[in-house]
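So the chains spell out like this:
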Amino acid sequence: MRHLIAGNWKMNGLAAEATALAEAVAQGASAVSADLVVCPPATVLARVAQSLAGTPVGVGGQDCNAAASGAHTGDIAAAMLRDCGATWVILGHSERRADHHETDDMVRQKVRAATEHGLVPIVCVGETEAQRQAGRHAETVGWQIAGSLPKDFAGVLAYEPIWAIGTGRTPTEAEVAEMHGFIRGELRRQLGAAGQAVRILYGGSVKPANAAALMALPEVGGALVGGASLMAADFLGIARAAGALSKPGAGG
Ligand code: PGA
């Protein structure tokens, strides 16, 4: 299966720079054999989707409310993301879990809403540094998967150790391989055969320099990229490293 490289632009990008970044990504996309998605802030989503129409680059939101519509000031419904041209959505990112007190239960309800409205959810899980030091990383992620994914989940899972996000630090290759193997086992155990089809992304300080090594690991099906997705050259560099590995049967 091809790798999926998703860019999480977080709270970055006014209209002009967002459009320029999207266009630069689109220009390099056809030369890359990985699936590409960019997730801009909601304010520029429609504009970015318009400039990427007809290109192979998909567009995603960074969150959605679980409700279809109604009294949720400041929130965005899945149907609204779809209406703007998104077909993907990041859910349960650790920054939303921390800043907006999102629980596994809330994330699971958002996943349902996203799926009902034709968005592919990219659900994020990952341990804190304290949980890893206490040897509780696998247990933590196992519970997050159990709580955040509905039993009929058909989306993407992103393993993002919180201590690796935006820090320039990553787990060792052995640690990433161990966690992705564990996550595949949990997906199979919790979702049955459907758990085999879920792409598992690694996220946390992915850069062009470490992408080839990380993307080659067993059960790593792509990357969720934050900081390096804000530079088209870096994002495409990661995609090229992944694409070079995307042979039939490789990558997971
Ligand atoms: P980073 O962010 O690549 O800047 O570490 C990853 C993420 O938060 O998804």
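Above this text sits the structure in question.
Residues numbered from 1 in each chain as written. Predicted model: local features only at pLDDT ≥ 70, side-chain atom pairs only at ≥ 80, totals over all residues. Heavy atoms only, no water.

## Digging into the environment of H3
Here is step 1: Structurally, H3 can be placed in the segment before β1 (4-8).
Here is step 2: A relative accessible area of 1% means that H3 is categorised as buried.
Here is step 3: Remark: the alpha-carbon pair of H3 and L201, spanning 198 residues in sequence, is separated by 8.6 Å. (Helix = DSSP H or I, 4+ residues; strand = E, 2+ residues; numbered from the N terminus. Buried < 20%, exposed > 50% of the residue type's maximum accessible area, 1.4 Å probe, protein only.)

## Quick word on the pattern of salt bridges
Here is step 1: Taken as a whole and judged by the stated rule, the model has 15 salt bridges.
Here is step 2: One connected set of salt bridges, linked through shared partners, spans D63, R96, E102 and K110. (Salt bridge = Lys/Arg side-chain N within 4 Å of Asp/Glu carboxyl O.)

## Some words on the side chain of R184
Here is step 1: Residue position: R184 is located in helix α8 (residues 173-191).
Here is step 2: Classification of R184 by relative accessible area gives buried; the value is 3%.
Here is step 3: A polar side-chain atom of R184 sits 3.3 Å from the main-chain carbonyl oxygen of Q196. (Polar contact = N/O pair within 3.5 Å; in protein donor to acceptor, adjacent residues only side chain to side chain.)

## Here we look at the sheet that holds strand β8 (residues 222-225)
Here is step 1: Strand order around the closed barrel formed by 8 strands is β1-β2-β3-β4-β5-β6-β7-β8, with parallel pairing between neighbours. Between one strand axis and the next, the sheet turns through 25 degrees on average, direction left out of account.
Here is step 2: Most of the contacts of α8 go to strand β7 (residues 199-203), to which it runs at about 150 degrees, and overall it touches β6 (156-159) and β7. (Pairing = 2+ DSSP bridges. Axes fitted to C-alpha atoms, helices over the stretch in contact; angles between N-to-C directions. Contact = heavy atoms within 4.5 Å.)

## A short note on the site of the ligand
Here is step 1: In the region of the ligand, 13 residues are neighbours, and K10, H93, E160, G166 and S205 sit closest.
Here is step 2: G227 places a polar main-chain atom, nitrogen or oxygen, 2.8 Å from an oxygen atom of the ligand.
Here is step 3: Taking 290 Å² as the accessible area of the ligand by itself, protein coverage stands at 97%.
Here is step 4: Grouping the amino acids of the shell around the ligand by side-chain chemistry returns 4 nonpolar, 7 polar and 2 charged. (Near = heavy atom within 4 Å. Areas by Shrake-Rupley, 256 points an atom, 1.4 Å probe, with all protein chains shown as cover. Nonpolar A, V, L, I, M, F, W, Y, C, P; charged D, E, K, R; others polar.)

## Some remarks on the pairing of strand β4 (residues 88-91)
Here is step 1: Of the two faces of β4, the one carrying W88 and I90 and the one carrying V89 and L91 are both buried.
Here is step 2: Of the pairings in the sheet, the one linking strand β3 (residues 57-61) to β4 comprises 2 bridges and is parallel in character. Bridged to G61 within β4 is V89.
Here is step 3: What joins β3 to β4 is helix α3 (residues 78-83), and the crossover it makes is right-handed.
Here is step 4: Summarising the sheet, β4 and strand β5 (residues 120-125) pair through 4 bridges and their orientation is parallel. Bridging across to β5, L91 finds its partner in V123. (Right-handed = clockwise from strand over helix to strand, strands pointing away.)

## Re the nonpolar core
Here is step 1: I5, L36 and V48 are the most contacted members of the largest nonpolar core, which has 63 residues in total.
Here is step 2: Considering every element that reaches this core, the biggest residue donor is helix α10 (residues 232-243), with 7 residues.
Here is step 3: Counting 12 residues, the second-largest nonpolar core is a separate cluster that includes L4, V37, I90 and L201. (Core = buried A, V, L, I, M, F, W, Y, C linked by side-chain atoms within 4.5 Å.)

## Focus on the pairing of β3
Here is step 1: Summarising burial for β3: 5 of the 5 residues are buried, a large majority.
Here is step 2: Where burial is concerned, the two faces of β3 agree: the one with V57, V59 and G61 and the one with G58 and G60 are both buried.
Here is step 3: Pairing of strand β2 (residues 35-39) with β3, which is carried by 3 bridges, proceeds in the parallel orientation. Within the sheet, the bridge partner assigned to L36 lies in β3 and is V57.
Here is step 4: In terms of handedness, the path from β2 via helix α2 (residues 45-52) over to β3 forms a crossover that is right-handed.

## A look at the environment of G192
Here is step 1: With respect to the secondary-structure elements, G192 resides in the loop between α8 and β7.
Here is step 2: Expressed as a C-alpha distance, the spacing of G192 and D152, which sit 40 residues apart in the sequence, is 9.3 Å.

## A look at the environment of A6
Here is step 1: Mapping A6 onto the fold places it in strand β1.
Here is step 2: For A6, a relative accessible area of 0% corresponds to the buried category.
Here is step 3: It is 9.1 Å that separates the C-alpha atoms of A6 and V59, two residues lying 53 residues apart in sequence.
Here is step 4: Excluding anything up to four places from it in sequence, A6 contacts V37, I122, A223, L224, V225 and F235.

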